[in-house]
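# Chain and residue survey
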Amino acid sequence: MEAKYAESKGEGKDEGAYMWDKLSEGDKGVESDPVDLALEELDVGPSGVPVSDPLELEMLYTIARPLCGAFWRVKYTVDTVHARHVIELGETPAEDLSIGANSMHFRVGRVSVEGLETGELTNAGILAAELVDGGGAELAAVNMVVQVHRRGEELIRNIYSPLE
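All values derive from a computational prediction rather than experimental measurement.

Here is what the cut-offs are and how they apply
Residues numbered from 1 in each chain as written. Predicted model: local features only at pLDDT ≥ 70, side-chain atom pairs only at ≥ 80, totals over all residues. Heavy atoms only, no water. Helix = DSSP H or I, 4+ residues; strand = E, 2+ residues; numbered from the N terminus. Buried < 20%, exposed > 50% of the residue type's maximum accessible area, 1.4 Å probe, protein only. Contact = heavy atoms within 4.5 Å. 1 Å grid on protein atoms, 1.4 Å probe; cavity = no way out; pocket = protein on both sides within 12 Å on 5 of 7 lines; lining within 4 Å. Points joined across faces, edges and corners; volume = space filled by probe spheres on them. Nonpolar A, V, L, I, M, F, W, Y, C, P; charged D, E, K, R; others polar. Phe/Tyr/Trp six-rings, centres within 6.5 Å; stacked < 30°, edge-to-face > 60°. Salt bridge = Lys/Arg side-chain N within 4 Å of Asp/Glu carboxyl O.

## A few points about the overall build of the protein
- Each helix and strand in the protein was counted, giving one helix and 12 strands.
- Beginning at the N terminus, the succession of helices and strands in the protein can be written as β-β-β-β-β-β-β-β-β-α-β-β-β.
- Across the 164 residues that make up the protein, the buried fraction comes to 41%.
- Contacts spanning at least 24 positions in sequence make up 60% of the contacts within the protein whose residues lie at least 6 apart.

Here it is, written out as structure tokens:
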């Protein structure tokens with residue numbers, strides 16, 4: 001499933017506190033309005049470890065409207081000249097989200113990169129946490145750049161927060 005994003009960077013709001021991408025209406029073929037999401041805190045990592053090591057993501061964020069049965073889908077995308085590789089890392093449990101402050105926590109024991117060439121992995125990638133409503137519509141995404149480099153025989157990842 002390929003997501004199309006219309007970038008939004010906090011127009012009319014406190015620029016330092018906002019950094020997110022919102023889906024354009026109709027991009028997914030599911031009728032749902034995008035949700036304004038203000039990312040307050042993000043902790044992702046670890047960085048400086050092999051690319052396949054466990055990954056943990058925690059976010060504190062606010063939303064402007066309630067959501068029923070919403071969940072976060074987390075994936076790692078590596079684009080190359082010839083192909084796009086999307087590694088589905090998992091989803092958080094569905095829950096009802098209220099207006100205002102909310103949080104999410106996601107952990108995966110291993111990032112599976114089998115089948116990808118070293119040259120593909122050493123391109124910049126995107127770790128995306130996509131907020132999905134109970135009807136399956138993607139409402140917003142928090143994107144983090146992942147840079148992978150060689151250290152000896154190991155491929156080491158560094159993940160960059162959009163808040164830094």
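Let's pick the thread back up.
## Quick notes on empty space enclosed by the protein
- Considering all chains together, one arrives at two cavities of 30 Å³ or more under this definition.
- Each pocket or cavity is described by its volume, and for the second largest cavity that value is around 70 Å³.
- Together, Val51, Leu55, Tyr76, Leu89, Val111, Leu127, Val146, Arg157 and Ile159 line the second largest cavity.
- The residue inventory of the lining of the second largest cavity, partitioned by class, reads eight nonpolar, no polar and one charged.

## Considering the packing of aromatic side chains
- Using the criterion set out here, one finds one aromatic pair in the structure.
- With centroids separated by 5.3 Å and ring planes inclined at 75 degrees, the aromatic side chains of Tyr61 and Trp72 adopt a geometry described as edge-to-face. In this pair, Tyr61 sits in strand E5 (residues 55–63) while Trp72 sits in strand E6 (residues 67–79), placing the two residues 11 residues apart along the sequence. No difference in accessibility class separates Tyr61 from Trp72, as the two residues are buried.

## Side note on the pattern of salt bridges
- All told, the structure shown has six salt bridges when counted by the stated rule.
- Note that Glu130 is salt-bridged to Arg73, the shortest N-O span being 3.7 Å. Of this pair, Glu130 sits in strand E10 (residues 125–132) while Arg73 sits in strand E6, placing them 57 residues apart in sequence.
- Taking relative accessible area as the criterion, Arg73 reaches 10% and is therefore assigned buried.
- Across the pair Arg73 and Glu138 runs a salt bridge whose closest N-O atoms are separated by 2.9 Å. Here Arg73 is found in strand E6, whereas its partner Glu138 is found in strand E11 (residues 138–151), with 65 residues between them in sequence. Comparing Arg73 with Glu138, the two get one shared label, buried.
- Bridged by salt links that share partners, the residues Arg73, Lys75, Glu91, Glu130 and Glu138 form one connected network.

## Quick notes on the environment of Ala101
- Topologically, Ala101 is positioned in strand E9 (residues 100–108).
- Taking the C-alpha atoms as reference points, Ala101 and Leu60, 41 residues apart in sequence, are found 7.1 Å from one another.
- For Ala101, the residues in contact, after removing those within four places along its chain, are Tyr61 and Thr62.

## Some thoughts on the environment of Tyr160
- By secondary structure assignment, the location of Tyr160 is in strand E12 (residues 154–160).
- Along the primary structure Tyr160 and Leu127 are separated by 33 residues, whereas in three dimensions their C-alpha atoms are 9.3 Å apart.

Coordinates in, geometry out; function isn't part of it.
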